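Next come the chains, spelled out residue by residue.
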Amino acid sequence: MIVDGKTSVVTGGAGGIGKGFAEKLLARGGRVALLDRDPQRIDAAVEALQTGDDPLVGIVADVTDEASMRSARLAVESRWGSPDLLVNAAGLLIRGVPVVDFTPEAWRALFDVNLVGIANSVRAFLPGMLARGLPGHIVNVASLSGFLVVNRRIGGYSAAKFAVVGYSEALAAELEGTQVGLSILAPGLVSTDFYVTSAERTNGLNLPGRLVETPDDIRSAMKPAEVAEIALSGVERGQIYIMTHRGLGETLADRHTAVMRGLPEYNLPERSF
Ligand SMILES: NC(=O)c1ccc[n+]([C@@H]2O[C@H](COP(=O)([O-])OP(=O)(O)OC[C@H]3O[C@@H](n4cnc5c(N)ncnc54)[C@H](O)[C@@H]3O)[C@@H](O)[C@H]2O)c1
């Protein structure tokens, strides 16, 4: 799908990668609804991105709350109709806590934003996108951590992002034969406020050992607008997997080789799988 001049909804749109998408989509003549749970960040993002009468609107919405997403859908549809492009970028990170020390509450918090949040957003916007009978596209922002346990400090986050990848592959299969496509965006480190926003929101979880400081290499990491540009090119090429960082390519290949090595050497009786 060509993204120029289209209508887009971006969750987590007031933050780094979501805001990067908004910037690039506006530059391509599109209309953008930024959905975010944080009203102050929305105001700041709209002020930063608005030039003249840009077709940009900020809507306070929490992806973990189905009713809030329904209201956001009504707000977007009454203004512009159903979107052509839905970018699900809202996310949450917990760092420094071994998975054995995760409390049920911490697991719920991680999965609620990263997985259920995407599913809620899709439930809100996909029916309208399908009903239009026009090409549309969904971008689910996973992470390289959705394909690899990149380091042991983010094991729980990795589990949630693996779930995002599994959910997205299932949805892509269900969307086959429709006009709505799907891409999984899997960036490595990106220079955003993710470590700060996530730390703020997980303060109440009482997780000893949780790391709250931003990694030193964040400032030299890839910029959100660059990630968004790569992603939009991937959408236009109809890529299901959009990987932005080559650095761990060999580790990724090794993982898949290890999985293949786990296949039995003997032939199983005929089974569906
Ligand atoms: N920054 C990285 O290094 C990196 C790498 C790979 C993937 N990602 C993923 O990219 C996505 C965006 O992260 P970012 O780095 O731009 O972070 P960010 O904190 O700058 O932006 C995330 C935005 O999501 C919003 N948000 C959080 N919970 C929400 C909720 N429940 N409802 C609505 N909005 C909510 C926040 O207010 C924030 O504005 C996340 O899914 C993250 O997992 C980030």
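So, how was this worked out
- Residues numbered from 1 in each chain as written.
- Predicted model: local features only at pLDDT ≥ 70, side-chain atom pairs only at ≥ 80, totals over all residues.
- Axes fitted to C-alpha atoms, helices over the stretch in contact; angles between N-to-C directions.
- Helix = DSSP H or I, 4+ residues; strand = E, 2+ residues; numbered from the N terminus.
- Parallel < 35°, antiparallel > 145°, perpendicular 65-115°, else oblique.
- Left-handed = near helix turned anticlockwise from the far one by under 90°.
- Contact = placed C-beta atoms within 7 Å.
- Nonpolar A, V, L, I, M, F, W, Y, C, P; charged D, E, K, R; others polar.

As a further point, take the packing of helix 4 (residues 104-131) against helix 5 (residues 155-175). Taken N-terminus to C-terminus, the directions of helix 4 and helix 5 make an angle of 20°; their axes are 9 Å apart at the nearest point. Here helix 4 lies roughly parallel to helix 5, going by the angle between them. Where helix 4 crosses over helix 5, the handedness of that crossing is right-handed. In this structure, helix 4 contributes A106, W107, L110, F111, N114, L115, I118, A119 and V122 to the contact, and helix 5 contributes G156, Y157, A160, K161, A163, V164, Y167 and L171. Each residue belonging to the contact of helix 4 with helix 5 can be placed in one class, and the counts come to 14 nonpolar, two polar and one charged.

In contact at an axis separation of 9 Å, helix 3 (residues 66-80) and helix 4 are set at 30° when each is read in the N-to-C sense. One element, helix 3, and the other, helix 4, form an angle in the roughly parallel class. As helix 3 packs across helix 4, the resulting crossing turns out to be right-handed. Two secondary-structure elements touch here, helix 3 through E66, M69, R70, A72, R73 and E77 and helix 4 through N120, S121, A124, F125 and G128. Of the residues belonging to the contact of helix 3 with helix 4, the class tally is four nonpolar, three polar and four charged.

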